[in-house]
Every structure is written in C-alpha cells, then in structure tokens.
Amino acid sequence: MKYIISENYSLRGWKKLPYGLQNIYTGETEFMYKPMYSLLLDCNGLTDIQPEKLSEEDRQILEKWEKDGFIRKAAEGETLKDIQHYKFYPNRFKQVVHWSLTGRCNYKCKHCFMSAPHAAQGEPSFDELMTMLDAFDRCGIRTVGLTGGEPLIRRDFWDIVDAIIEKKIVITTIYSNGLLVTDDFFDKLGARHIHPSIQFSFDGVGYHDWMRGVKGAEKYVLDAIKRCNERGITFTASMSLCRDNKDSIRETVKLMGELGCKYLKICNTSPQGEWKDQPEHYLKQTEAYQTFLDYIPQYFEDGKPCSIGLEGFFNCRDSKAGSDFVKYGKEEKFGKQLMCGEVRRTMYVSPTGNVLSCMPMIGTPIEDQFPNMLKIPLEEILDSDSLYMTFSNYRVSDYMAHNADCRECEYREMCCGGCRAVAINTSPDDYLGKDLNTCEFFRGGWKKKVDELLKSLGVETEEQKET
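Our subject in this report is the structure included herewith.

Basis of the calculations
- Residues numbered from 1 in each chain as written.
- Predicted model: local features only at pLDDT ≥ 70, side-chain atom pairs only at ≥ 80, totals over all residues.
- Heavy atoms only, no water.
- Salt bridge = Lys/Arg side-chain N within 4 Å of Asp/Glu carboxyl O.
- Helix = DSSP H or I, 4+ residues; strand = E, 2+ residues; numbered from the N terminus.
- Buried < 20%, exposed > 50% of the residue type's maximum accessible area, 1.4 Å probe, protein only.
- Phe/Tyr/Trp six-rings, centres within 6.5 Å; stacked < 30°, edge-to-face > 60°.
- Lys NZ or Arg CZ within 6 Å of the ring centre and 35° of its normal.
- Core = buried A, V, L, I, M, F, W, Y, C linked by side-chain atoms within 4.5 Å.
- Contact = heavy atoms within 4.5 Å.
- Pairing = 2+ DSSP bridges.
- Right-handed = clockwise from strand over helix to strand, strands pointing away.
- Axes fitted to C-alpha atoms, helices over the stretch in contact; angles between N-to-C directions.
- Parallel < 35°, antiparallel > 145°, perpendicular 65-115°, else oblique.
- Nonpolar A, V, L, I, M, F, W, Y, C, P; charged D, E, K, R; others polar.

1. Some words on the pattern of salt bridges
Under the criterion given, the structure shown has 27 salt bridges. In this structure, aspartate 383 engages lysine 15 in a salt bridge whose closest nitrogen and oxygen atoms are separated by 2.6 Å. Here the residue aspartate 383 occupies a position in the loop between helix H11 (378-381) and helix H12 (387-393), and lysine 15 occupies one in the loop between strand E2 (9-14) and strand E3 (17-23), the gap between them amounting to 368 residues. Assessed through its relative accessible area of 35%, aspartate 383 is described here as partly exposed. Of the charged contacts in the structure, one is a salt bridge between aspartate 451 and lysine 447, with a shortest N-O distance of 2.6 Å.

What follows is the structure, encoded as structure tokens:
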C-alpha cells in the first residue's frame, strides 16, 4: 500500500523543531518526534507501506493521519509536488507575523498608542517592505496579518498583497478602521481568491466618531461590517475602553452580536502615544476591572451575543468561560514553561522594521532596543541573543528567581509572572519586572469576585473544568 501526503501539506523543519508538517494554506504546523516523522516521510507515493508489518502504535498513527486528512492512499505513479518536499530553515520557528505596513493613518484617533495621526513611526518604502517579505520567506514564515496605522491607505497596497501571494504566504487578517473597506476592496480580494478575516476597531455605540476623530466614522465601519456579511467574510472587532465610553459596553456587544461579529476584544486604553497627556479620560485599572465585573451579568442576561474578551479579566469564547490571567502553571514545570507562549509562535514588525515581541511594545520605553530587520538579517535575529529572542525565551522560573516575593505568593501558579508588555511600561529598566495589572487581579481580590459572580450565575469556568 502506498500513501502520499495530502496536497494541502508540506514537510518543513526549523532549528530545534526539525520535524514539522505544515498546512500550505493556513501555516499551521504539527511537530513530531523523529520516529513518527520517519513514517511520515515514507508517505511519498513511492514507498510501499505494509500496515500488517507495522507496530500497533504506527498502525494507529497511520489510520489517524488518514482520518485527519494529513495523508491519503496514492494513485499509481503519484509523487509529492515540489512545494511538499522537506525544507529546513536554520532559524527558530515563527508561525505568523503581525506586520505594520505603515505608521500613517487617515483617522485622528485620540488614543492611538503609536501616534499614527502624526505618523510617528513613518512609512517604509515598497522596497523596504519587499526586503522584509523576502526575509519572512527565507525564515519559513507562512502567514502574516496586515496592520498599520491604516494599511489600506497605501497606494501600493495591492502590489504588496500580490507580492505576498507570489511568495505563497497566507494573509490571515487585515486590520482596518473600515473607511476604505468598500465594495471595490472586496472585489479585489475576490479577484485574488483570498478571504482574510477583517478586524475592525469599534469604540462604542455613540462614541466611535469622538474616539476616532472623524465625523461619520461609526457609519463607515458599520457599512464595512455589513459588506463583510454580504460577502461571507469573517470579521472581529476591538474596542478601546476609557472613562467616556465605558457605559456603552452592553449596547456595543449586543450590536456586534447582531451584526455577526466572531469575537470582540475590549481593553482599557493605555496612557501612551496620543493618549499620554489626556489623563482626564483614563480609567484606573481598578475602575476598568469594576466596569468589567458590572458588565458580566448583563452579558449572560443578553444571551452571550458574541464571543468576548475583557482584557484577560474575563473571556467567553466558543462557550468556554474564564480568565486569560489564569495560566494553570505548575511550580515543578516552571523551568520549561514559557512566560508567553504566544511570543514564541508570533512576532510583530513595526513600520520602521523593529522586531518586537508584540504590537503593544510600540511606544514603550524600550522599543528602540529591539533589533531592526532592515539592519540585521531576520535569520540572525531569530537565532541569537537579541532582545526579541530574550523575551521569547523567558521561562516562569526566570521570573520567579528575579522576584523573591512572587515566589512566596499564593497565586504564583496562576499568575506565572503576567505580561511583559504591561510590565515594561512601569519598569522599563527591568525586563522581568512585575505586571501590576495581573498582580492587582489576583492580590486585589478580583479573581475571587469573578469566581463568585460566575458561580452565582451558574457558569462553569475552564478552571473548574481543569480541576
């Protein structure tokens, strides 16, 4: 019997992760141990595999692969396509890049953390973007999300999209304020046979125009959302929370649910960038947490209009409720547990070419200390002791060794040190400093309040399921 890897998959490997099976169209990669991979390499259309001579374990693996669509029985003379053959990349693995094509924007958002209304990050040339794209390709990065500023304002936007497609890199998401998400935009996506998800910014019913600094912004984004529905395009949304719009959460979630939003993320706006000198609009973190706590019962009263995330304080997605602040760590495994698994899988590239752990690192005091891929080859950045890789490699044990009082904290196995992007804003000279927002969640009693509230509502959390 001859098997062959399904045409959706290719054989790929990276430094320290040499045995991978990658979906060509989504970039998702399944990693395996060497013995299992040896069996997969025999699924080439040429090698005769006799299941009756395999071990029971290998037979079960082969059956599961066929059931899951990773492999199928080969037709006579059928072999792997060129793109499917094994390729090794000598750098560390990255699945997706969140890529800012510009630091400019056509809106004047009062709270923009990267000061796009003033183009503080500038705009890379087309050639500079192509240099970055070539590096993504060389490093085996197969998926990108396009953001800005506002990416659609670039006159060469579709040339960039075409170059990405030519590299066989998948555009998973386009982040936009919606003004330029017109019928022509969707026609051009359709002509290229790509269907990325669109993430819109929506800052509250009745408040969006004020937050975005453009009259009619709310109408424009709602029109764009309706076009998504007409075209069958998935969309998500994000809401920036402040003192002014905090009472609009309920109405906003209901509206997004009615419009088919897949997921709405609501986060307290950071006092940086354009927002830095407007303290009258800030919500203290405790005020934001109280706002979230007050809203949760309304969310369930309204029948959970759509999946939501309240800045890690509470999330309900695919009927799974809980808090992203709760990490379910185990002290005996702190030496292996990454502080942020997401950073290991993804990276953010700023308009200037800085390779950052995540987009919220823009505007932080240490932003310019990160390596720049227009000056240093990305392969070197991903295979060195650069600040980016330092953040990617931090283990919970590193954090606990650095913070004596955290080692004694009763919440240490749930907190696991919190978020580095948040911590850097309050301790720029201490990469392993405390995330005071996460600390407040646990030590300030908010976790207990959420648990008691959800129990009174009859909602089972992921944490309860774990235990």
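2. Some details on the packing of aromatic side chains
All told, the structure shown has 29 aromatic pairs when counted by the stated rule. Centre to centre, the rings of phenylalanine 31 and phenylalanine 93 are 5.0 Å apart; their planes meet at 85°, and the pair counts as edge-to-face. Here phenylalanine 31, found in strand E4 (residues 29-31), pairs with phenylalanine 93, found in the loop between strand E7 (87-89) and strand E8 (96-100); they are 62 residues apart in sequence, far enough to count as distant. Classification of phenylalanine 31 by relative accessible area gives partly exposed; the value is 28%. Ring plane angle 80° and centroid distance 5.3 Å describe the contact between tyrosine 299 and phenylalanine 300, whose orientation is recorded as edge-to-face. Looking at tyrosine 299, the relative accessible area reads 1%, which means it is buried. Above the face of the tyrosine 263 ring, arginine 317 is positioned so that its terminal group lies 3.8 Å from the ring centre. Over the aromatic face of tryptophan 446 sits the side chain of lysine 449, whose NZ or CZ is 4.0 Å from the ring centroid.

3. Quick notes on the nonpolar core
Counting 111 residues, the largest nonpolar core has Trp99, Phe136, Met256, Phe313 and Leu378 as its most contacted members. Broken down by element, the residue count for this core peaks at seven residues, all from helix H9 (residues 285-301). Sequence-distant contacts of phenylalanine 136, defined by excluding residues within four places in its chain, comprise Val97, Trp99, Ile141, Val144, Ile169, Met347, Val349, Met373 and Leu378. Core analysis: the next-biggest nonpolar cluster, separate from the first, contains 20 residues, Tyr3, Tyr9, Leu40 and Trp65 among them.

4. Focus: the pairing of strand E14 (residues 307-310)
The side chains of a regular strand alternate, first on one face of the sheet and then on the other. A two-sided burial pattern is seen for E14, the buried positions comprising Ser307 and Gly309 on one face and Ile308 and Leu310 on the other. In the sheet, strand E13 (residues 263-268) pairs with E14 via four bridges, with the strands oriented parallel. Bridge assignment links leucine 264 to a residue of E14, and that residue is isoleucine 308. Crossover E13 to E14 through H9 is right-handed. Across three bridges, E14 lies against strand E15 (residues 314-317) in antiparallel orientation. Opposite isoleucine 308, over in E15, you have cysteine 316 as the bridge partner.

5. Comments concerning the packing of H9 against helix H18 (residues 446-456)
Closest axis-to-axis distance for the H9/H18 pair is 11 Å, and the angle between their directions is 10°. By the angle between their directions, the pair H9 and H18 is classed as roughly parallel. Seen from H9, the contacting residues are Thr286, Tyr289, Gln290, Leu293, Ile296, Pro297 and Phe300; seen from H18, they are Trp446, Lys449, Val450, Leu453 and Leu454. Here the residues of the contact of H9 with H18 are counted per class, giving nine nonpolar, two polar and one charged.

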